[in-house]
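Single-letter residue listing:
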Amino acid sequence: MARIPISGVNDEALTTPATDVREVISGLDADGMARRLHLMWVAVANEHASQIAVVEIYDSDESTAVTAGLQRAVIHVPAQDTVIVEWPEPGLIFVTNVTAATTNGTIATNGGISGGGYLA
């Protein structure tokens, strides 16, 4: 099966306290396409003036409840900073969808969190 490059940004802010998750790449539906997403990188911008953002990445559908222990990755972003995380080939593999939640910080709409990789 051929690789399909994919990248994008969130279309909803990650709110605190997080009770459910939001898409990292808006409109992506990996399980609806019968493909796996290989996430190669994610960028997170924290706009909060003083709080460290703790962003949790999940393999779940959007609006799924935040569940401790089911995170694929946890990213800490200092106040008013951006963190980019890259994973080596084959990346983090997601079967359902790549979603995120935050317990602190301010992750804005349209680019507060973004990611890329490929579908295979």
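See the structure shown above.
To keep things clear, this report deals only with the structure shown in the data block. In this text the structure is predicted, and so the values were computed from the model without any measurement.

About the cut-offs
- Residues numbered from 1 in each chain as written.
- Predicted model: local features only at pLDDT ≥ 70, side-chain atom pairs only at ≥ 80, totals over all residues.
- Heavy atoms only, no water.
- Helix = DSSP H or I, 4+ residues; strand = E, 2+ residues; numbered from the N terminus.
- Core = buried A, V, L, I, M, F, W, Y, C linked by side-chain atoms within 4.5 Å.
- Buried < 20%, exposed > 50% of the residue type's maximum accessible area, 1.4 Å probe, protein only.
- Contact = heavy atoms within 4.5 Å.
- Pairing = 2+ DSSP bridges.

## Quick notes on the environment of Leu70
Line of reasoning, step 1. One can find Leu70 in the loop between strand E4 (53-59) and strand E5 (73-77).
Line of reasoning, step 2. As a C-alpha pair, Leu70 and Glu56 span 14 residues in sequence and 9.3 Å in three-dimensional space.

## Concerning the nonpolar core
Most often, soluble globular proteins have nonpolar side chains that are buried together.
Line of reasoning, step 1. Counting residues in each nonpolar core, the largest one holds 24 residues, and the members touching the most others are Val24, Val44, Val55, Ile57, Val98 and Ile113.
Line of reasoning, step 2. Within the residue set of this core, elements represented by two or more residues are strand E3 (37-46), E4, E5, strand E7 (92-94), strand E8 (98-102) and strand E9 (113-119).
Line of reasoning, step 3. Apart from the residues within four sequence positions on either side, Ile57 is in contact with Val24, Gln71, Arg72, Ala73, Ile75, Phe94, Val98, Thr99, Ala100 and Ile113.

## As for the sheet that holds E5
Line of reasoning, step 1. In spatial order, the strands read E2-E8-E4-E5; together these 4 strands make up an open sheet with antiparallel pairing. Each edge of the open sheet is held by one strand with a lone partner, namely strand E2 (22-23) and E5.
Line of reasoning, step 2. Pairing geometry for E4 and E8, over 5 bridges, is antiparallel. The residue bridging Ile57 from the neighbouring strand is Ala100, located in E8.

## Some words on the pairing of E5
Regular strands have side chains that alternate between both faces of the sheet.
Line of reasoning, step 1. Of the two faces of E5, only the one carrying Ala73, Ile75 and Val77 is buried; Val74 and His76 on the other face are not.
Line of reasoning, step 2. Sheet topology note: the E4/E5 ladder contains 5 bridges and is antiparallel. Bridging across to E5, Ile57 finds its partner in Ala73.

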